[in-house]
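Residues per chain are reported as follows:
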Amino acid sequence: MSQVQSAAKQVDAVVVGAGFAGMYGIQRLREKGLKVQGFEAGHSVGGTWYWNRYPGARVDSQAYIYQYWFSDELIKEWDWSERFPAQPETEKYLNHVADKFEIRKDFQFETKVEAAKWDDGAKRWTVTTDKGDVVSAQFLLMSTGGLSAPLVPPFKHHEKFKGQIIHTGRWPKEGVDFAGKKVGVIGTGATGIQVVQTIAPQVGQLTVYQRTANYTIPMRNPKYDDADRAGLKAGAKAMHKRVNSTFAGFDYDWQATDLMAMDPEAREAQLNEWFADGSLGFWIGSIQGVLMDESINAVFSDFVKRKIRARVHDPKVADLLVPDDHGFGTRRVPLETKYYEAFNQPNVKLVSVKKTPIVEFTERGIRTTEGEQELDIVIFATGFDAGTGALTRVDVRGEGGQSLRDDWNQHGIHTTMGLQVHGYPNMFMTMAPYSPAAAFCNVPTCLQQQVDWIADCVDYVRKTGKQAIQPGAEIENNWLAHHDEVANLTLVPKTNSWYMGSNVEGKPRRLLAYAGGAQNYRAVCDDLKAKQYQGFEIA
Ligand code: NA7
């Protein structure tokens, strides 16, 4: 053992991040008898639901599938108020879980992990933090979140602006008073859309800076009454089974409907029926051809474009709000509520930064090629360095001192099923690239599956008296080849977005999430476990 190792606090596992996955990681690893130490930068649990407290933040998965399944008692006692709860409710739920299962006692909050270094001799990780902690652990679980490293584009003279600048992913806990203010929102992804539709009625004046128009689905969000809740709770076991068997971890799945064989009226009626559900079911609960076949995709794109156009009064504004450079569902499809109606308000202005780019920030606001707009507050709804950002912002060093950041920069991002990386023994990840969890899944479904697999794998290593496990180079290369093959069967790589890593300058362009289906991914994971991790190096 090195001097650093012997001076460090000794635990079996370090868990980084107190979001959905990290909290569950603590729970599962404790159950397996491990002594765990969690670190979390925020001052409490919640992860995404702690940081993203911007106005309008809301889940796009139905509440009854956006939850933990490990405790019947928890399912029975928790009451969801509506189909798509807002951020405060989900944050409250996660706090309730943390209290009930005493998750907090194993986390140190307001502490950022700065580095994690693998010691080839001791076969342990040394984890160091910004608070001076040094912890030695056999296993490292990086549950740092797939959408947790905020992206702030380098706008010219950004620092000159005298008003307030806020990234949605770092929203102040005390809130922001918009009354009478001139507000600018940059970005119209899932986040920007939620912000715009929520603050449009509150602000003095709103300027929305849009680069790419997105397809959307109007959210149907009924409140639940006691009878609804009782029915959902009674069906929870069946629902759990169902979400584990579908393509995207939702309770809906691809249908066998032959849309293209229908006459135009019947096809329109079918699309309307799917659309009326007011969920992501119109996308990943319709037909798989929507993501695979250009002509089917064009039918969906045309349908949604007509729906958008019908809601916007000014045809010139409608032209800008209708997507013109990609097909439906090849980027994340946000759910919205009265988003388009916001642009019918006299105090809301849409600026296409494709047509009139942002030139610079000024002391008073933002100057585009069209002129200067005075602003009091600028909201950056500009997204995240998805999948890898939170991992590479930590100085992770694997075998031989290899830096994960440099490794991925030099050789491209590589993982084995988003669970481990060759060269980084005993490091596990959730929501990392090349798993469905990275983007193509109802997140809690896939995170719980990943954590269960990881806990079983760790348990296997300990019970067999081994010290370390990592994927071999061959299994990793095979997974990457399979991942690419599946990705290229879909239309997603034809479009730019965070799904492709193309929102981050210099990031290698490759589909971030495994597109072969969460249920198939689960089967591969189960098979690996059954075959005692064949293809992995266990020492
Ligand atoms: P997204 O989906 O990455 O959206 C970011 C938005 O910000 C998008 O409209 C971007 O335009 C825009 N953007 C980014 N950089 C710029 C610059 N430099 N200039 C103008 N506009 C810019 O992030 P979200 O937070 O909305 O959502 C992330 C995920 O969180 C979401 O998919 C859900 O799963 C939850 P672009 O489209 O790149 O042209």
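Every value quoted in this text rests on a predicted model; they were computed, and no experiment measured them. Per chain, residues are indexed from 1 in the order of the written sequence. With the structure being a predicted model, the display of local features is reserved for residues of pLDDT at least 70 and the display and counting of side-chain atom pairs for 80 or more, all residues being used for whole-chain, interface and lining totals. The side-chain figures draw on all heavy atoms in the structure; neither hydrogens nor water molecules are used.

## Brief notes about the state of the cysteines
By disulfide we mean two sulfur atoms from cysteines, separated by a distance within 2.5 Å. Counted by the stated rule, this structure contains one disulfide. With a sulfur-sulfur separation of 2.0 Å, Cys 441 is cross-linked through a disulfide to Cys 446. Judged by the sign of its S-S torsion, about 85 degrees, the cystine formed by Cys 441 and Cys 446 is right-handed. The buried label goes to any residue with under 20% of its type's maximum accessible area, the exposed label to any with over 50%, and the partly exposed label to all in between, with areas taken from a 1.4 Å probe on protein chains only. Classification of Cys 446 as buried rests on a relative accessible area of 4%. In this structure Cys 457 is a free cysteine whose sulfur lies 10 Å from that of Cys 525, the closest cysteine sulfur available.

## Here's the deal with the pattern of salt bridges
The term salt bridge refers to a side-chain nitrogen of Lys or Arg lying within 4 Å of a carboxyl oxygen of Asp or Glu. For the structure on display, the rule yields 37 salt bridges. Measuring nitrogen to oxygen at the nearest pair gives 3.4 Å for the salt bridge that ties Glu 374 to Arg 364. Placement of Glu 374 in strand S15 (residues 371-374) and of Arg 364 in the loop between strand S13 (358-361) and strand S14 (365-368) is noted, with a sequence separation of ten residues between them. The exposure class assigned to Glu 374 is partly exposed, which follows from its relative accessible area of 36%. Put simply, DSSP marks the helices as runs of H or I at least four residues long and the strands as runs of E at least two long, and each gets a number from the N terminus on.

## Overview of helix H9 (residues 264-276)
Given 3.6 residues to a turn, an α-helix orients residues that are three or four positions apart in the same direction. The first and last C-alpha atoms of H9 sit 18 Å apart over 13 residues, in line with the 18 Å expected at 1.5 Å per residue. Of all the residues in H9, the buried ones are Gln 270, Leu 271, Trp 274 and Phe 275. The buried residues of H9 occupy an angular sector of 135 degrees when the element is viewed end-on, so they sit on one face. Of the exposed residues in H9, the ones pointing more than 90 degrees away from its buried face are Glu 265, Glu 273 and Ala 276. The criterion used for residue contact is that any of the two residues' heavy atoms lie within 4.5 Å. Buried residues along H9 sit against strand S10 (217-218), helix H10 (281-284) and helix H12 (294-309). Phi for Gly 278, located one or two positions after H9, is positive at around 65 degrees. Expected span of a helix, by definition, is 1.5 Å for each gap between consecutive residues, and there is one gap fewer than residues. The directions from the helix axis to the C-beta atoms form the arc being described.

## Quick notes on the packing of helix H2 (residues 20-31) against helix H17 (residues 443-463)
Put simply, H2 and H17 touch, their axes get as near as 9 Å, and they point 30 degrees apart. The chirality of how H2 crosses H17 is right-handed. Contacts between H2 and H17 involve Phe 20, Ala 21, Tyr 24, Gly 25, Arg 28 and Leu 29 from the first element and Pro 444, Leu 447, Gln 448, Val 451, Asp 452, Ala 455, Asp 456 and Val 458 from the second. Here the nonpolar group is Ala, Val, Leu, Ile, Met, Phe, Trp, Tyr, Cys and Pro; Asp, Glu, Lys and Arg are the charged ones; every other residue, Gly included, is treated as polar. For the contact of H2 with H17, the per-class residue count stands at nine nonpolar, two polar and three charged. Working convention: axes come from line fits to C-alpha atoms, limited for helices to the stretch in contact. Angles between N-to-C directions cover 0 to 180 degrees. In a left-handed crossing the near helix is turned counterclockwise from the far helix by less than a right angle, and in a right-handed crossing that turn is clockwise.

## A look at the sheet that holds S15
Sheet architecture is open: three strands sit in the order S13-S14-S15, paired in antiparallel fashion. Of all the strands in the sheet, the pair left with one neighbour each is S13 and S15. Averaged over all pairs of adjacent strands, the angle between their axes in this sheet comes to 25 degrees, without regard to strand direction. One bridge is not enough; two strands pair if DSSP finds at least two bridges between them. Where S14 lies against S15, four bridges are found, and the strand directions are antiparallel. Across the sheet, the residue bridging to Arg 367 is Glu 372, located in S15.

## Let's talk about the site of the ligand
The environment of the ligand is made up of 19 residues, and the closest members are Thr 188, Thr 191, Arg 211, Thr 212 and Arg 331. Polar contact criterion, stated in full: a pair of N or O atoms within 3.5 Å, where within protein one must be able to donate a hydrogen and the other to accept it, and residues adjacent in sequence count only if both atoms are side-chain atoms. Within the contact set of the ligand, an oxygen atom lies 2.6 Å away from a side-chain nitrogen or oxygen of Thr 191. Arg 211 places a polar side-chain atom, nitrogen or oxygen, 2.8 Å from an oxygen atom of the ligand. Accessible surface is estimated by sampling points in the Shrake-Rupley manner with a 1.4 Å probe; for residues, cover comes only from the protein chains shown. Within the complex, 84% of the 780 Å² of free accessible area of the ligand lies under protein. Split into classes, the residues belonging to the shell around the ligand amount to nine nonpolar, seven polar and three charged. Proximity criterion: a residue is near a molecule or strand once any of its heavy atoms comes within 4 Å of it.

## Observations regarding the packing of H9 against H12
The geometry of H9 relative to H12 is characterised by a closest axis approach of 11 Å and an angle of 70 degrees between their N-to-C directions. With respect to each other, H9 and H12 are oriented roughly perpendicular. Judged by the twist between their axes, the crossing of H9 over H12 is right-handed. Residues Arg 267, Glu 268, Leu 271, Asn 272, Trp 274 and Phe 275 of H9 pack against Val 299, Phe 300, Phe 303, Val 304, Arg 306 and Lys 307 of H12. Its residues placed into classes, the contact of H9 with H12 shows seven nonpolar, one polar and four charged. Working definition: roughly parallel below 35 degrees, roughly antiparallel above 145 degrees, roughly perpendicular at 65 to 115 degrees, and oblique for all remaining angles.

## Remarks on the environment of Val 317
Position of Val 317 relative to the elements: it lies in helix H13 (residues 315-321). Of the residues examined, Val 317 reaches a relative accessible area of 18% and is grouped as buried. Between the alpha carbons of Val 317 and Leu 350 there is a distance of 7.2 Å; along the sequence they are 33 residues apart. Those residues in contact with Val 317 that sit more than four places away from it in its chain are Val 312, Phe 343 and Leu 350.

## Observations regarding the confidence of the model for the protein chain
Residue-level confidence of the predictor is summarised by pLDDT, bounded by 0 at the bottom and 100 at the top. With 99% of its residues at a pLDDT of at least 70, the protein chain reaches an overall mean of 97. Per-element confidence in the protein chain is highest for strand S18 (residues 427-429), whose mean pLDDT is 99, and lowest for helix H1 (residues 3-7), whose mean pLDDT is 64.

## Description of the nonpolar core
In a soluble, globular protein the nonpolar side chains are often hidden away together inside. Residues belong to one nonpolar core when they are buried, are Ala, Val, Leu, Ile, Met, Phe, Trp, Tyr or Cys, and are joined through side-chain atoms within 4.5 Å. The biggest cluster of nonpolar side chains holds 160 residues, and the ones touching the most others in it are Leu 206, Phe 282, Phe 300, Phe 328, Met 427 and Trp 453. Top element by residues in this core is H17. It accounts for nine residues. Ile 358, Phe 361, Val 378 and Phe 380 belong to the second largest nonpolar core, which has twelve residues in total.

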